[in-house]
Amino acid sequence: MENIQFIIRRFSPEKYEKPYWQVYNIPFEEGKTVLDCLHYIKKEIDSTLSFRFSCRMGVCGSCAMLIQGKARLACNTQVVELKSKKITIAPLPNFETIKDLVPDLSPMFEKHKYIKPNIQRDDLKEVEDKEKEFYQSEEELQEYLQFSYCIRCGACMAACPTMAADRKYLGPMPLAQSYRYNNDTRDGGSKERHNLVDIPSGIFSCHMGSECSVVCPKGVDPAKAIQLMKREMVFSFLKLLKKKKPCGLYEEKKERKRREGIPEPPPRTV
Amino acid sequence: MKDTKLWSLHLFAGIVILFLLGLHMAIMHLDEIVSLFNPKGEEAISWENVLERMKMIGFVFVYIFLLGFALYHSFYGLNKIIGETNVKEGTRKFWSYVLTIFGFLLFIIGTYAAIAAKVVSAKF
């Protein structure tokens, strides 16, 4: 069984002022993910190694870290696909590090909360005390569905060059989510979100580096969402954007009188 | 919608510069090929050709527009770059005011030069 070398950036604020690299040699088996190897290190070699994980299947976003210089999910990255016997792992950049591979994601969540990532409607009674569904067609769903796959892992924020230069920048994830909600036909908060992202370190600080879309593990394409949102805002400024009301409630179709000569349908079998 | 307006104008300025700078390039640097607005032949920067262009009121507007849009496009870009270098809010605002004032001053000086050239050219 061959060995793989893991070079991990460690940081313990109570003990050391600066981060340092620590090397671990572990036996490698095909089919193991980076997260599996980290678990092995923690269990068999060094129990002090800290990292986040949860679902281990690429849906929670907890284990995002810098693997071979690229932001990835550790649970979703097969060691084999890295094609190297030396794997370098570091915490996500553009965030403060709490310990070892654990970044402080609270600034990202604060920015996310800032853009109001929920359905905004005037008819609060229906939102809070639901009686019926809101009607949304398949086409309307497809307008924003791709952007709703975001798992808030922070990989896009870590990869963004503007985030590296300006920590006040809102970032790809909140901006993509603001577009997601603006294009949800159930939502009526577009104008408010336009004002929220129209700030000095807001949406117009994006320079189309597109690294966010390269690293996104769920195929969200935040760069596309940001450019579509910019277009929406410019059109709104030029008064070219069609005003849209939030979609209404789903109503059952009323019985219609059958025309003469048309037979009744057969009884349903399902 | 303040940043939206500024950014939209930045884009529009870029498009305007594309055409006006293209015109400048054709007149000044492709003079031997297209000989555009160089009625006296020879070099584009010869006194006779410069004088002929300054007599045309259209050129005064071309220079003023090119100056204005180029100054706006460049200073907005510079302001954005400074703002993205993690400076404090006060420092960002300070540079924003400095660049705005400096830009206006350069625009006034350049506009004066273009109009003065038109006035002077009328004497020849």
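Visitor: Which parts of the structure should I look at to understand the sheet that holds strand 4 (residues 70-73) of chain A?
Guide: To summarise the sheet geometry, strands pair through backbone hydrogen bonds and adopt either a parallel or an antiparallel arrangement. Residues and elements named next belong to chain A. Reading across from one edge, 2-1-5-3-4 is the order of the five strands in this open sheet, with mixed pairing throughout. Here the strands that pair on one side only, and so sit at the sheet edges, are strand 2 (20-27) and strand 4. The sheet shows a mean angle of 35 degrees between the axes of neighbouring strands, direction not considered. As defined by bridge partners, strand 1 (residues 3-10) adjoins strand 2 across eight bridges and the pair is classed as antiparallel. For Ile-8, the partnering residue across the bridge sits in strand 2 and is Gln-22. Strands in contact with helix 1 (residues 34-45) are strand 1, strand 2, strand 3 (64-67) and strand 5 (86-90); relative to strand 2, the strand with the most contacts, it is inclined by about 95 degrees.

Visitor: What is the right way to read the nonpolar core from this model?
Guide: Among soluble globular proteins, nonpolar side chains are generally buried collectively. Counting residues in hydrophobic clusters, the biggest one holds 66 residues, and the most contacted among them are Phe6(A), Ile8(A), Val34(A), Leu38(A) and Ile89(A). Here this core takes seven residues from helix 10 (residues 222-237) of chain A, the largest share from any one element. Two domains each provide a minimum of three residues to this core, namely domain 1 (3-103) and domain 2 (106-237) of chain A. Discounting residues that sit within four places of it in the chain, Val34(A) has contacts with Phe6(A), Ile67(A), Ala74(A), Thr77(A), Val79(A), Leu82(A) and Ile89(A). Counting residues in hydrophobic clusters, the runner-up holds seven residues, among them Ala13(B), Val16(B), Val62(B) and Leu66(B).

Visitor: Is there a simple way to think about the packing of aromatic side chains in this case?
Guide: For any pair of aromatic rings, the description consists of the separation of the ring centres together with the inter-plane angle of the planes. For the structure on display, the rule yields 11 aromatic pairs over all chains. With a centroid separation of 4.7 Å and 35 degrees between ring planes, the pair formed by Phe204(A) and Trp7(B) is classed as tilted. In this pair, Phe204(A) sits in the loop between helix 8 (190-197) and helix 9 (211-215) while Trp7(B) sits in helix 1 (residues 2-28), so the two residues belong to two different chains. Taken individually, Phe204(A) and Trp7(B) each receive the classification buried, so the pair is uniform in this respect. An aromatic cluster is present here, built from Phe12(B), Phe61(B), Phe65(B) and Phe69(B) joined pairwise through their rings.

Visitor: Could you clarify how one ought to interpret helix 1 of chain B in this entry?
Guide: Residues three or four positions apart in an α-helix share a direction because the helix packs 3.6 residues into each turn. With 27 residues, helix 1 of chain B ought to run about 39 Å at 1.5 Å a step, and its terminal C-alpha atoms sit 37 Å apart, in line with that. Burial in helix 1 of chain B covers these residues: Asp3(B), Thr4(B), Trp7(B), Ser8(B), His10(B), Ala13(B), Val16(B), Ile17(B), Leu20(B), Ala26(B) and Ile27(B). In the core, the buried residues of helix 1 of chain B are packed alongside helix 10 of chain A together with helix 2 (47-55) and helix 3 (57-83) of chain B.

Visitor: Help me understand empty space enclosed by the protein in this model?
Guide: The gaps of empty space that remain are located by a probe, the size of a water molecule, rolled over the atoms. Evaluated as defined, the whole model comprises two cavities of 30 Å³ or more. Considering only enclosed or pocket space, the largest cavity measures out at about 120 Å³ in volume. Every residue lining the largest cavity is counted, 17 residues in all, and those nearest its centre are Cys150(A), Ile151(A), Cys156(A), Cys216(A) and Val220(A). Residue assignment for the lining of the largest cavity shows that the elements contributing at least two residues are helix 5 (155-159) and helix 7 (172-182) of chain A. Per element, the largest residue contribution to the lining of the largest cavity is four residues, and it comes from helix 7 of chain A. Broken down by class, the residue content of the lining of the largest cavity amounts to 13 nonpolar, two polar and two charged. For the second largest cavity, the calculated volume is near 50 Å³. Lining the second largest cavity, in full, are Leu20(B), Leu23(B), His24(B), Ile27(B), Met28(B), Phe59(B), Val62(B), Tyr63(B) and Leu66(B). Where the lining of the second largest cavity is concerned, the elements lending two or more residues are helix 1 and helix 3 of chain B. Partitioning the lining of the second largest cavity into residue classes produces eight nonpolar, one polar and no charged.

Criteria and cut-off values
- Residues numbered from 1 in each chain as written.
- Chains lettered and ligands numbered in written order.
- Predicted model: local features only at pLDDT ≥ 70, side-chain atom pairs only at ≥ 80, totals over all residues.
- Heavy atoms only, no water.
- Pairing = 2+ DSSP bridges.
- Helix = DSSP H or I, 4+ residues; strand = E, 2+ residues; numbered from the N terminus.
- Axes fitted to C-alpha atoms, helices over the stretch in contact; angles between N-to-C directions.
- Contact = heavy atoms within 4.5 Å.
- Core = buried A, V, L, I, M, F, W, Y, C linked by side-chain atoms within 4.5 Å.
- Buried < 20%, exposed > 50% of the residue type's maximum accessible area, 1.4 Å probe, protein only.
- Domains from an automatic or database assignment.
- Phe/Tyr/Trp six-rings, centres within 6.5 Å; stacked < 30°, edge-to-face > 60°.
- Expected span 1.5 Å × (residues − 1).
- 1 Å grid on protein atoms, 1.4 Å probe; cavity = no way out; pocket = protein on both sides within 12 Å on 5 of 7 lines; lining within 4 Å.
- Points joined across faces, edges and corners; volume = space filled by probe spheres on them.
- Nonpolar A, V, L, I, M, F, W, Y, C, P; charged D, E, K, R; others polar.

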